[in-house]
Each structure stands twice: as structure tokens, then as C-alpha cells.
Amino acid sequence: MVKPVLIIHGGARGGFPTKAMTPVFRDAMKEIVTSGYEILLSGGSAVEAVTEVTKLLEDNPIFNAGRGSKIQSDGKIRMSAALMDGVTSRFSGV
């Protein structure tokens, strides 16, 4: 059996977190990726794992996605998302 792989990132925050915040970011990332990995190990699909991990990242205000989106230089927030299922080749985006 091939071991599943799951890679995530917490977004571009305009630089690395401060030394004091590094453990907070690391712990949050570890908790989120573990949640997705557990879905894969329990027989869930990659789409299910990615959807859950994305939801957790977007719901966590320390990351700059969803609720914590980065305000752009013109004062506006622009968000986009896409998901492709490699098995069915189905794609969606917003």
C-alpha cells in the first residue's frame, strides 16, 4: 500500500511569523495536517481530506485565508479557491 501524502501551507503573510508566534503557527499547522491525514488513513478520499484541511485553515484567524484574508494595498479583500479531483477530472473554482 502506498502511504498517502498531504502537504499544506498557511498562506503568504508578508513574511515569516515572529519568533514568539512560530510555535503557534507550527502547532496549528500540525493539528490541521493531522486532521486531513487521519481522513486519508481512515479510507476517506483526497477530496474529503483537502476540503476539511481547507476549511480548518480558513476558519483559523492566524492564517490569511477565508476569515483571516489579507487586505490588499487598495483596501479590498479578494479571495479565490479551486479544487480538482484527479480521479474524475472534475474541477470547480470560485
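Residues numbered from 1 in each chain as written. Predicted model: local features only at pLDDT ≥ 70, side-chain atom pairs only at ≥ 80, totals over all residues. Heavy atoms only, no water.

### Overview of the pattern of salt bridges
Side chains that differ in sign of charge can pair as their charged atoms come close.
Piece 1. Under the counting rule described, the total for this entry stands at one salt bridge.
Piece 2. Here Lys55 and Asp59 are joined by a salt bridge, their closest N and O atoms 3.4 Å apart. With a gap of four residues between them, Lys55 and Asp59 both fall in helix α2 (residues 46-59), about one helical turn apart.
Piece 3. For Lys55, a relative accessible area of 44% translates into the label partly exposed. (Salt bridge = Lys/Arg side-chain N within 4 Å of Asp/Glu carboxyl O. Helix = DSSP H or I, 4+ residues; strand = E, 2+ residues; numbered from the N terminus. Buried < 20%, exposed > 50% of the residue type's maximum accessible area, 1.4 Å probe, protein only.)

### Observations regarding the nonpolar core
Piece 1. Ranked by size, the top nonpolar core spans 12 residues in total: Leu6, Ile8, Phe25, Ala28, Met29, Ile32, Leu40, Ala49, Val53, Leu57, Ile62 and Phe63.
Piece 2. At the level of elements, α1 (22-41) and α2 are the ones that each hand at least two residues to this core.
Piece 3. With five residues, α1 is the single largest residue contributor to this core.
Piece 4. Residues in contact with Val53, not counting those within four places in the same chain, are Leu6, Ile8, Ile32 and Gly36. (Core = buried A, V, L, I, M, F, W, Y, C linked by side-chain atoms within 4.5 Å. Contact = heavy atoms within 4.5 Å.)

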